[in-house]
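Chain residues, written in single-letter form:
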Amino acid sequence: MAFPTQVRLFEMSPRDGLQNEAGPVIATDIKVELINRLSACGLTHIEAASFVSPKWVPQMGDAAEVMAGIERKSGVVYSALTPNLKGVEGAIAAQADEVAVFSAASEAFTQKNINCSIAESLERFVPVIEAAKAQGIRVRGYVSTVLGCPYQGEIAPAQVASVARELLDMGCYEISLGDTIGVGTPLKAKRMLEAVTREIPVEKLAAHFHDTYGQALSNLYAVLEEGISVVDASVAGLGGCPYAKGASGNVASEDVIYLLQGLGIQTGVDLQQLVNTGYWITRQLGRHNGSKVAQALGEKI
Ligand code: HMG
Ligand code: MG
(Lines give C-alpha, C1' and ligand atoms only; values in the text may rest on other atoms or scores of the structure.)
(Ligands and ions follow the chains in the order given, each with its own letter.)
Protein backbone atom coordinates (compact mmCIF):
# COMPACT_ATOMS: atom_id res chain seq x y z
CA MET A 1 0.00 0.00 0.00
CA ALA A 2 1.85 3.07 -1.24
CA PHE A 3 0.71 6.13 -3.15
CA PRO A 4 2.15 6.55 -6.63
CA THR A 5 4.82 9.24 -6.99
CA GLN A 6 3.27 10.55 -10.21
CA VAL A 7 -0.26 10.58 -11.50
CA ARG A 8 -1.34 11.01 -15.10
CA LEU A 9 -4.57 12.94 -15.38
CA PHE A 10 -6.80 12.11 -18.33
CA GLU A 11 -9.06 15.08 -18.97
CA MET A 12 -12.55 13.98 -19.97
CA SER A 13 -14.52 17.21 -20.20
CA PRO A 14 -14.60 17.74 -23.99
CA ARG A 15 -16.08 14.24 -24.42
CA ASP A 16 -17.63 12.83 -21.22
CA GLY A 17 -18.24 16.37 -19.99
CA LEU A 18 -20.10 17.65 -23.02
CA GLN A 19 -21.73 14.53 -24.49
CA ASN A 20 -24.60 14.69 -22.03
CA GLU A 21 -25.44 18.39 -22.32
CA ALA A 22 -29.15 18.80 -22.93
CA GLY A 23 -30.44 21.51 -25.22
CA PRO A 24 -28.93 22.83 -28.41
CA VAL A 25 -25.70 21.37 -29.73
CA ILE A 26 -22.73 23.27 -28.30
CA ALA A 27 -20.90 25.28 -30.95
CA THR A 28 -17.78 23.65 -32.37
CA ASP A 29 -15.63 26.70 -31.60
CA ILE A 30 -16.51 26.45 -27.89
CA LYS A 31 -15.41 22.80 -27.84
CA VAL A 32 -12.21 23.73 -29.68
CA GLU A 33 -11.47 26.58 -27.30
CA LEU A 34 -12.11 24.35 -24.28
CA ILE A 35 -9.56 21.82 -25.55
CA ASN A 36 -6.99 24.55 -26.29
CA ARG A 37 -7.48 26.07 -22.84
CA LEU A 38 -7.08 22.62 -21.21
CA SER A 39 -3.82 21.92 -23.01
CA ALA A 40 -2.55 25.37 -21.96
CA CYS A 41 -3.14 24.33 -18.31
CA GLY A 42 -0.55 21.57 -18.68
CA LEU A 43 -2.89 18.62 -19.22
CA THR A 44 -1.20 16.07 -21.45
CA HIS A 45 -4.08 13.65 -22.12
CA ILE A 46 -7.36 15.03 -23.36
CA GLU A 47 -10.33 13.03 -24.62
CA ALA A 48 -11.25 15.48 -27.32
CA ALA A 49 -14.13 13.88 -29.23
CA SER A 50 -16.35 10.89 -29.80
CA PHE A 51 -16.87 9.24 -33.19
CA VAL A 52 -20.20 7.66 -32.25
CA SER A 53 -23.50 7.82 -34.07
CA PRO A 54 -24.81 11.42 -34.05
CA LYS A 55 -28.31 9.96 -33.80
CA TRP A 56 -27.34 8.42 -30.49
CA VAL A 57 -25.25 11.31 -29.14
CA PRO A 58 -26.00 14.53 -31.04
CA GLN A 59 -23.56 16.62 -28.94
CA MET A 60 -20.61 14.71 -30.42
CA GLY A 61 -21.76 15.01 -34.04
CA ASP A 62 -19.02 17.50 -34.94
CA ALA A 63 -16.13 15.28 -33.80
CA ALA A 64 -14.22 15.66 -37.09
CA GLU A 65 -14.58 19.46 -37.07
CA VAL A 66 -13.45 19.64 -33.45
CA MET A 67 -10.36 17.54 -34.16
CA ALA A 68 -9.59 19.69 -37.20
CA GLY A 69 -10.01 22.93 -35.26
CA ILE A 70 -7.78 22.35 -32.24
CA GLU A 71 -4.26 23.66 -31.93
CA ARG A 72 -2.13 20.56 -31.45
CA LYS A 73 0.24 21.24 -28.60
CA SER A 74 3.36 19.13 -28.75
CA GLY A 75 3.43 16.37 -26.13
CA VAL A 76 -0.36 16.35 -25.73
CA VAL A 77 -2.34 13.23 -26.61
CA TYR A 78 -5.74 14.02 -28.14
CA SER A 79 -7.90 10.92 -27.95
CA ALA A 80 -11.31 9.94 -29.31
CA LEU A 81 -13.98 7.40 -28.45
CA THR A 82 -14.65 4.85 -31.20
CA PRO A 83 -17.43 2.27 -30.81
CA ASN A 84 -16.97 0.51 -34.16
CA LEU A 85 -15.07 0.44 -37.45
CA LYS A 86 -16.86 3.52 -38.79
CA GLY A 87 -15.86 5.37 -35.64
CA VAL A 88 -12.20 4.40 -35.80
CA GLU A 89 -12.03 5.29 -39.49
CA GLY A 90 -13.35 8.74 -38.62
CA ALA A 91 -10.87 9.10 -35.77
CA ILE A 92 -7.94 8.05 -37.96
CA ALA A 93 -8.96 10.48 -40.70
CA ALA A 94 -9.19 13.20 -38.04
CA GLN A 95 -5.68 12.32 -36.80
CA ALA A 96 -6.62 11.28 -33.28
CA ASP A 97 -3.46 10.38 -31.36
CA GLU A 98 -5.25 7.65 -29.50
CA VAL A 99 -8.64 5.96 -29.63
CA ALA A 100 -10.80 4.23 -27.04
CA VAL A 101 -13.24 1.35 -27.21
CA PHE A 102 -15.90 0.94 -24.55
CA SER A 103 -17.82 -1.95 -23.10
CA ALA A 104 -19.24 -2.62 -19.66
CA ALA A 105 -19.48 -5.15 -16.88
CA SER A 106 -23.27 -5.07 -17.23
CA GLU A 107 -25.16 -6.71 -20.09
CA ALA A 108 -28.15 -4.41 -19.69
CA PHE A 109 -26.05 -1.24 -19.82
CA THR A 110 -24.06 -2.44 -22.84
CA GLN A 111 -27.31 -3.07 -24.67
CA LYS A 112 -28.67 0.40 -23.87
CA ASN A 113 -25.39 2.19 -24.56
CA ILE A 114 -24.10 0.53 -27.70
CA ASN A 115 -26.99 -1.70 -28.75
CA CYS A 116 -25.27 -5.07 -28.41
CA SER A 117 -24.17 -7.65 -25.83
CA ILE A 118 -20.79 -7.53 -24.07
CA ALA A 119 -19.54 -10.44 -26.20
CA GLU A 120 -20.72 -8.73 -29.41
CA SER A 121 -19.05 -5.48 -28.34
CA LEU A 122 -15.75 -7.29 -27.87
CA GLU A 123 -16.08 -8.92 -31.30
CA ARG A 124 -16.81 -5.52 -32.79
CA PHE A 125 -13.63 -4.12 -31.24
CA VAL A 126 -11.35 -6.63 -32.98
CA PRO A 127 -11.30 -4.76 -36.33
CA VAL A 128 -11.32 -1.41 -34.48
CA ILE A 129 -8.15 -2.30 -32.60
CA GLU A 130 -6.61 -3.78 -35.75
CA ALA A 131 -7.30 -0.62 -37.76
CA ALA A 132 -5.88 1.63 -35.04
CA LYS A 133 -2.78 -0.48 -34.55
CA ALA A 134 -2.13 -0.57 -38.29
CA GLN A 135 -1.72 3.21 -38.03
CA GLY A 136 0.42 2.98 -34.90
CA ILE A 137 -2.42 4.39 -32.77
CA ARG A 138 -2.79 3.15 -29.21
CA VAL A 139 -6.14 1.90 -28.00
CA ARG A 140 -7.56 2.44 -24.55
CA GLY A 141 -10.38 0.27 -23.21
CA TYR A 142 -13.20 1.34 -20.92
CA VAL A 143 -15.22 -0.94 -18.70
CA SER A 144 -18.36 0.85 -17.54
CA THR A 145 -20.65 0.14 -14.59
CA VAL A 146 -17.83 -1.36 -12.50
CA LEU A 147 -19.45 -0.41 -9.18
CA GLY A 148 -23.12 -0.66 -10.13
CA CYS A 149 -25.49 -0.52 -13.08
CA PRO A 150 -28.55 1.70 -13.55
CA TYR A 151 -30.48 -1.26 -14.99
CA GLN A 152 -28.99 -4.34 -13.32
CA GLY A 153 -27.95 -3.02 -9.90
CA GLU A 154 -25.06 -4.88 -8.25
CA ILE A 155 -22.10 -5.92 -10.39
CA ALA A 156 -19.80 -8.78 -9.42
CA PRO A 157 -16.13 -7.68 -9.25
CA ALA A 158 -15.20 -10.91 -11.07
CA GLN A 159 -17.29 -9.77 -14.05
CA VAL A 160 -15.40 -6.45 -14.16
CA ALA A 161 -12.11 -8.37 -14.02
CA SER A 162 -13.17 -10.67 -16.84
CA VAL A 163 -14.15 -7.87 -19.28
CA ALA A 164 -11.06 -5.85 -18.35
CA ARG A 165 -8.85 -8.87 -18.98
CA GLU A 166 -10.43 -9.51 -22.37
CA LEU A 167 -9.89 -5.90 -23.46
CA LEU A 168 -6.27 -6.04 -22.38
CA ASP A 169 -5.70 -9.37 -24.15
CA MET A 170 -7.23 -7.89 -27.31
CA GLY A 171 -4.56 -5.20 -27.36
CA CYS A 172 -5.71 -2.25 -25.25
CA TYR A 173 -2.73 -0.65 -23.54
CA GLU A 174 -4.76 0.53 -20.56
CA ILE A 175 -8.14 -0.23 -19.05
CA SER A 176 -10.16 2.54 -17.48
CA LEU A 177 -12.57 1.34 -14.82
CA GLY A 178 -15.76 3.41 -14.91
CA ASP A 179 -18.15 3.97 -12.05
CA THR A 180 -20.54 5.28 -14.65
CA ILE A 181 -23.34 6.22 -12.27
CA GLY A 182 -21.16 7.20 -9.33
CA VAL A 183 -22.68 4.80 -6.82
CA GLY A 184 -19.46 3.31 -5.45
CA THR A 185 -17.99 3.72 -1.98
CA PRO A 186 -14.30 3.31 -1.05
CA LEU A 187 -14.44 -0.24 0.29
CA LYS A 188 -16.41 -1.38 -2.73
CA ALA A 189 -13.92 0.33 -5.03
CA LYS A 190 -11.02 -1.42 -3.27
CA ARG A 191 -12.73 -4.82 -3.51
CA MET A 192 -13.44 -4.32 -7.20
CA LEU A 193 -9.84 -3.29 -7.81
CA GLU A 194 -8.57 -6.27 -5.83
CA ALA A 195 -10.49 -8.59 -8.17
CA VAL A 196 -9.21 -6.80 -11.29
CA THR A 197 -5.57 -6.72 -10.15
CA ARG A 198 -5.67 -10.50 -9.77
CA GLU A 199 -5.93 -10.48 -13.58
CA ILE A 200 -4.15 -7.27 -14.62
CA PRO A 201 -1.21 -5.32 -13.20
CA VAL A 202 -2.33 -2.10 -11.53
CA GLU A 203 -0.03 -0.08 -13.86
CA LYS A 204 -2.39 -0.95 -16.72
CA LEU A 205 -5.46 0.44 -14.98
CA ALA A 206 -7.11 3.84 -14.66
CA ALA A 207 -9.89 5.10 -12.38
CA HIS A 208 -12.86 6.80 -14.02
CA PHE A 209 -15.21 7.84 -11.25
CA HIS A 210 -18.40 9.82 -11.54
CA ASP A 211 -19.54 11.82 -8.54
CA THR A 212 -23.30 11.32 -8.35
CA TYR A 213 -23.27 10.45 -4.64
CA GLY A 214 -20.32 12.69 -3.75
CA GLN A 215 -18.04 9.69 -3.21
CA ALA A 216 -15.70 10.03 -6.17
CA LEU A 217 -12.79 11.69 -4.33
CA SER A 218 -12.99 9.19 -1.48
CA ASN A 219 -13.10 6.33 -3.94
CA LEU A 220 -10.15 7.79 -5.74
CA TYR A 221 -8.14 8.08 -2.53
CA ALA A 222 -8.92 4.42 -1.84
CA VAL A 223 -7.63 3.22 -5.20
CA LEU A 224 -4.61 5.58 -5.22
CA GLU A 225 -3.63 3.83 -2.03
CA GLU A 226 -3.71 0.58 -3.99
CA GLY A 227 -1.38 1.93 -6.66
CA ILE A 228 -3.68 3.40 -9.32
CA SER A 229 -1.72 6.16 -11.06
CA VAL A 230 -3.98 7.20 -13.94
CA VAL A 231 -7.09 9.23 -13.15
CA ASP A 232 -9.89 10.34 -15.48
CA ALA A 233 -11.50 13.61 -14.45
CA SER A 234 -13.49 16.48 -15.92
CA VAL A 235 -13.03 20.20 -15.33
CA ALA A 236 -15.83 21.72 -13.22
CA GLY A 237 -17.17 18.18 -12.74
CA LEU A 238 -18.96 18.35 -16.08
CA GLY A 239 -20.65 15.41 -17.64
CA GLY A 240 -22.53 12.17 -17.48
CA CYS A 241 -23.59 9.40 -19.82
CA PRO A 242 -26.79 9.85 -21.86
CA TYR A 243 -27.52 6.13 -21.41
CA ALA A 244 -27.10 6.17 -17.62
CA LYS A 245 -30.01 8.28 -16.38
CA GLY A 246 -29.29 10.40 -13.32
CA ALA A 247 -25.52 9.97 -13.57
CA SER A 248 -23.69 13.19 -12.84
CA GLY A 249 -20.29 14.34 -14.02
CA ASN A 250 -16.86 12.88 -13.54
CA VAL A 251 -14.95 13.83 -10.44
CA ALA A 252 -13.81 17.45 -10.95
CA SER A 253 -10.24 17.76 -12.26
CA GLU A 254 -9.57 20.73 -9.96
CA ASP A 255 -10.57 18.66 -6.91
CA VAL A 256 -8.36 15.76 -7.99
CA ILE A 257 -5.36 18.04 -8.47
CA TYR A 258 -5.86 19.63 -5.06
CA LEU A 259 -6.05 16.16 -3.47
CA LEU A 260 -2.92 15.02 -5.30
CA GLN A 261 -1.02 18.17 -4.32
CA GLY A 262 -1.93 17.44 -0.71
CA LEU A 263 -0.46 13.97 -1.10
CA GLY A 264 2.74 15.44 -2.55
CA ILE A 265 1.97 14.01 -5.99
CA GLN A 266 2.83 16.30 -8.90
CA THR A 267 0.77 16.43 -12.08
CA GLY A 268 2.29 19.31 -14.02
CA VAL A 269 -1.08 21.05 -14.21
CA ASP A 270 -1.55 24.71 -13.27
CA LEU A 271 -4.44 24.52 -10.79
CA GLN A 272 -5.50 28.17 -10.92
CA GLN A 273 -5.50 28.18 -14.71
CA LEU A 274 -7.63 25.05 -14.65
CA VAL A 275 -10.02 26.69 -12.18
CA ASN A 276 -10.31 29.64 -14.56
CA THR A 277 -10.99 27.25 -17.45
CA GLY A 278 -13.75 25.59 -15.41
CA TYR A 279 -15.38 28.98 -14.83
CA TRP A 280 -15.04 29.86 -18.50
CA ILE A 281 -16.74 26.68 -19.78
CA THR A 282 -19.51 26.71 -17.17
CA ARG A 283 -20.32 30.28 -18.23
CA GLN A 284 -20.51 29.18 -21.88
CA LEU A 285 -22.88 26.37 -20.91
CA GLY A 286 -24.87 28.35 -18.35
CA ARG A 287 -24.05 25.70 -15.79
CA HIS A 288 -23.11 25.56 -12.12
CA ASN A 289 -19.42 24.87 -11.42
CA GLY A 290 -19.34 21.43 -9.76
CA SER A 291 -15.80 21.74 -8.40
CA LYS A 292 -15.56 22.55 -4.68
CA VAL A 293 -11.92 23.57 -5.11
CA ALA A 294 -12.92 25.98 -7.90
CA GLN A 295 -15.56 27.47 -5.62
CA ALA A 296 -13.00 27.86 -2.83
CA LEU A 297 -10.25 29.37 -4.98
CA GLY A 298 -12.49 31.48 -7.20
CA GLU A 299 -11.69 32.75 -10.66
CA LYS A 300 -8.52 34.85 -10.86
CA ILE A 301 -7.61 36.23 -14.22
P1 HMG B 1 -26.66 0.94 -33.99
O2 HMG B 1 -27.89 1.74 -34.28
O3 HMG B 1 -26.81 -0.45 -33.47
O4 HMG B 1 -25.64 0.91 -35.22
O5 HMG B 1 -25.78 1.78 -32.98
P6 HMG B 1 -25.75 0.66 -36.74
O7 HMG B 1 -24.43 0.10 -37.16
O8 HMG B 1 -27.01 -0.11 -37.06
O9 HMG B 1 -25.87 2.14 -37.34
C10 HMG B 1 -27.00 2.96 -37.19
C11 HMG B 1 -26.75 4.31 -37.83
O12 HMG B 1 -25.67 4.98 -37.16
C13 HMG B 1 -26.29 4.22 -39.27
O14 HMG B 1 -26.74 5.40 -39.92
C15 HMG B 1 -24.79 4.26 -39.21
O16 HMG B 1 -24.17 4.72 -40.36
C17 HMG B 1 -24.58 5.23 -38.06
P18 HMG B 1 -28.08 5.43 -40.84
O19 HMG B 1 -27.84 4.37 -41.86
O20 HMG B 1 -29.21 5.10 -39.88
O21 HMG B 1 -28.13 6.84 -41.34
N22 HMG B 1 -23.33 4.98 -37.36
C23 HMG B 1 -22.40 5.93 -37.13
N24 HMG B 1 -22.31 7.23 -37.43
C25 HMG B 1 -21.21 7.90 -37.07
N26 HMG B 1 -20.19 7.32 -36.38
C27 HMG B 1 -20.24 6.03 -36.05
C28 HMG B 1 -21.37 5.28 -36.43
N29 HMG B 1 -21.72 3.99 -36.24
C30 HMG B 1 -22.90 3.82 -36.83
N31 HMG B 1 -19.23 5.49 -35.36
C32 HMG B 1 -23.64 2.45 -32.09
C33 HMG B 1 -24.54 1.29 -32.51
C34 HMG B 1 -22.48 1.88 -31.34
C35 HMG B 1 -23.18 3.19 -33.33
C36 HMG B 1 -24.50 3.41 -31.19
O37 HMG B 1 -25.10 2.65 -30.18
C38 HMG B 1 -23.68 4.51 -30.57
O39 HMG B 1 -23.15 5.37 -31.27
N40 HMG B 1 -23.56 4.48 -29.24
C41 HMG B 1 -22.74 5.44 -28.52
C42 HMG B 1 -23.25 5.65 -27.17
C43 HMG B 1 -22.34 6.62 -26.45
O44 HMG B 1 -21.59 7.38 -27.05
N45 HMG B 1 -22.43 6.61 -25.11
C46 HMG B 1 -21.63 7.48 -24.31
C47 HMG B 1 -20.18 7.13 -24.28
S48 HMG B 1 -19.81 5.79 -23.18
C49 HMG B 1 -19.61 6.56 -21.65
O50 HMG B 1 -19.91 7.72 -21.50
C51 HMG B 1 -18.99 5.78 -20.53
C52 HMG B 1 -17.54 6.16 -20.26
O53 HMG B 1 -17.41 7.53 -19.96
C54 HMG B 1 -17.01 5.33 -19.07
C55 HMG B 1 -17.94 5.36 -17.84
O56 HMG B 1 -18.27 6.44 -17.36
O57 HMG B 1 -18.32 4.27 -17.43
C58 HMG B 1 -16.64 5.86 -21.46
MG1 MG C 1 -17.84 8.39 -18.00
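Residues numbered from 1 in each chain as written. Chains lettered and ligands numbered in written order. Predicted model: local features only at pLDDT ≥ 70, side-chain atom pairs only at ≥ 80, totals over all residues. Heavy atoms only, no water.

Quick notes on the overall build of the protein chain
What counts, and what does not: Helix and strand assignments come from DSSP, with helices taken as H or I runs of at least 4 residues and strands as E runs of at least 2, each series counted from the N terminus. For the radius of gyration, the atom set is restricted to C-alpha positions; the globular benchmark scales as 2.2 Å times the number of residues to the power 0.38. Each residue is assigned to one of three classes by its accessible area relative to the maximum for its type, calculated with a 1.4 Å probe on protein chains only: buried under 20%, partly exposed between the two thresholds, exposed over 50%. We call two residues in contact whenever any of their non-hydrogen atoms come within 4.5 Å of each other. Calculation of accessible area relied on Shrake-Rupley with a 1.4 Å probe; when residues are assessed, cover is drawn exclusively from the protein chains displayed. A residue counts as positive if it is Lys or Arg and as negative if it is Asp or Glu; His and the chain ends are not included. To locate a charge, take atom NZ for lysine, CZ for arginine, CG for aspartate or CD for glutamate.
The number of helices and strands found in the protein chain is twelve helices and eight strands. Taking 19 Å as the expected radius of gyration for a compact globule of 301 residues, we find that the protein chain reaches 17 Å, a close match to that expectation. Counting every position in the protein chain, which comprises 301 residues, the buried fraction comes to 58%. At a minimum sequence separation of 6, the contacts of the protein chain that also span at least 24 residues come to 74%. Of the roughly 12000 Å² of accessible surface on the protein chain, a fraction of 51% belongs to carbon and sulfur atoms. Of the side chains in the protein chain, 24 bear a positive and 32 a negative charge, and the two mean positions are spaced by 2 Å.

Structural notes on the nonpolar core
Short version of the rule: Among buried residues, those of type Ala, Val, Leu, Ile, Met, Phe, Trp, Tyr and Cys that are joined through side-chain atoms within 4.5 Å constitute a nonpolar core.
The biggest cluster of nonpolar side chains holds 104 residues, and the ones touching the most others in it are M67, V143, V160, L167, I175, L177 and V196. The greatest single-element share of this core, amounting to seven residues, is contributed by helix α11 (residues 271-285). In this structure I175 touches G141, V143, A164, L167, L168, I200, K204, L205 and A206, once residues within four positions along its chain are discounted.

What to know about helix α9 (residues 216-224)
Residues of α9 that are buried: A216, N219, L220, A222, V223 and L224. On its buried face, α9 is in contact with β6 (174-179), α8 (186-197), β7 (205-209), β8 (230-233) and α10 (253-262).

Describing the coordination of the magnesium ion (ligand 2)
Keep this limit in mind: Any N, O or S atom lying within 2.8 Å of the metal counts as a donor, and for Na, K and Ca the limit rises to 3.2 Å; water is left out, so some sites can look incomplete.
Bound to the magnesium ion (ligand 2) are the protein donor atoms D16 (OD), H208 (NE2) and H210 (NE2), situated 2.0 to 2.3 Å from the metal. Counting along the primary sequence, the residues that act as donors to the magnesium ion (ligand 2) give the motif D-x191-H-x1-H. Note that D16 is positioned in helix α1 (residues 13-17) and H208 in strand β7, a separation of 192 residues in sequence.

Examining the pairing of β8
Basically, it comes down to this: When DSSP finds two or more bridges between a pair of strands, those strands are recorded as paired. When the strands point away from the viewer, a crossover counts as right-handed if the route from the first strand across the helix to the second turns clockwise.
Judged by which residues are buried, β8 turns out to be covered on both faces: V230 and D232 on one side and V231 and A233 on the other are all buried. Summarising the sheet, β7 and β8 pair through two bridges and their orientation is parallel. In the strand pairing of β8, A207 is matched with V231. Handedness of the crossover is the feature at issue here: the chain leaves β7, passes through α9, returns alongside β8, and the resulting connection is right-handed.

A closer look at the site of ligand 1
Rule in force here: The near set for a molecule or strand comprises every residue that places at least one heavy atom within 4 Å of it. Distance and chemistry together define a polar contact, namely a pair of N or O atoms within 3.5 Å, with one atom able to donate a hydrogen and the other to accept it when in protein, and with adjacent residues in sequence counting only for side-chain atoms on both sides.
Inspection of the region around ligand 1 gives 27 residues, with Q19, K55, N115, S144 and T180 positioned closest. A distance of 2.8 Å separates a nitrogen atom of ligand 1 from a polar backbone atom of F51. At 2.6 Å from an oxygen atom of ligand 1 is found a side-chain nitrogen or oxygen belonging to T180. Here ligand 1 has 1100 Å² of accessible area as a free molecule, and 75% of this is covered by the chains.

Let's talk about the pairing of β7
Within β7, five of the five residues are buried, leaving the element largely enclosed by the surrounding structure. With five bridges joining them, β6 and β7 adopt parallel strand pairing. Looking at the pairing, L177 lines up with A207 of β7. In terms of handedness, the path from β6 via α8 over to β7 forms a crossover that is right-handed.

Topic: the pattern of salt bridges
The cut-off we apply is this: The term salt bridge refers to a side-chain nitrogen of Lys or Arg lying within 4 Å of a carboxyl oxygen of Asp or Glu.
The full count for this structure, using the stated rule, is 17 salt bridges. A salt bridge links R15 to E47, with the shortest nitrogen-to-oxygen separation between them at 2.6 Å. Taken together, the residues span a long stretch of sequence, with R15 in helix α1 and E47 in strand β2 (residues 45-50) at a distance of 32 residues. Since its relative accessible area comes to 0%, E47 is described here as buried. Residue E98 pairs with R138 through a salt bridge whose shortest N-O separation is 4.0 Å.

Some remarks on the environment of V99
Note on placement: V99 falls in strand β4 (residues 98-104). Here V99 falls in the buried class, since its relative accessible area comes to 0%. Separated by 196 residues in the primary sequence, V99 and Q295 have C-alpha atoms spaced 33 Å apart. Apart from the residues lying within four places of it in its own chain, the contact partners of V99 are A80, T82, V88, A91, A132, I137, R138, V139 and R140.

A closer look at the packing of helix α2 (residues 28-40) against α11
Short version of the rule: In this analysis, axes come from line fits to C-alpha atoms, helices being fitted only over the stretch in contact, and the angle between any two N-to-C directions falls in the range 0 to 180 degrees. Our angle categories are set so that under 35 degrees counts as roughly parallel, over 145 as roughly antiparallel, 65 to 115 as roughly perpendicular, and the remainder as oblique. As a working rule, the residues Ala, Val, Leu, Ile, Met, Phe, Trp, Tyr, Cys and Pro are called nonpolar, Asp, Glu, Lys and Arg charged, and the rest polar, with Gly in that last group.
Contact geometry for α2 and α11: axes closest at 9 Å, N-to-C directions at 170°. One finds that α2 runs roughly antiparallel with respect to α11. Here I30, E33, L34, R37, L38 and A40 of α2 lie close against α11, whose contacting residues are Q273, L274, T277, W280, I281 and Q284. Split into classes, the residues belonging to the contact of α2 with α11 amount to seven nonpolar, three polar and two charged.

Considerations on unusual backbone geometry
A positive phi is found at Q95, a non-glycine position, where the angle reads about 60°. Residue position: Q95 is located in the loop between α4 (85-93) and β4. On the basis of relative accessible area, Q95 is assigned to the exposed category, the value being 57%. Despite not being glycine, T145 has its phi angle at roughly 55°, a positive value. By the element assignment, T145 lies in the loop between β5 (138-144) and α7 (157-170).

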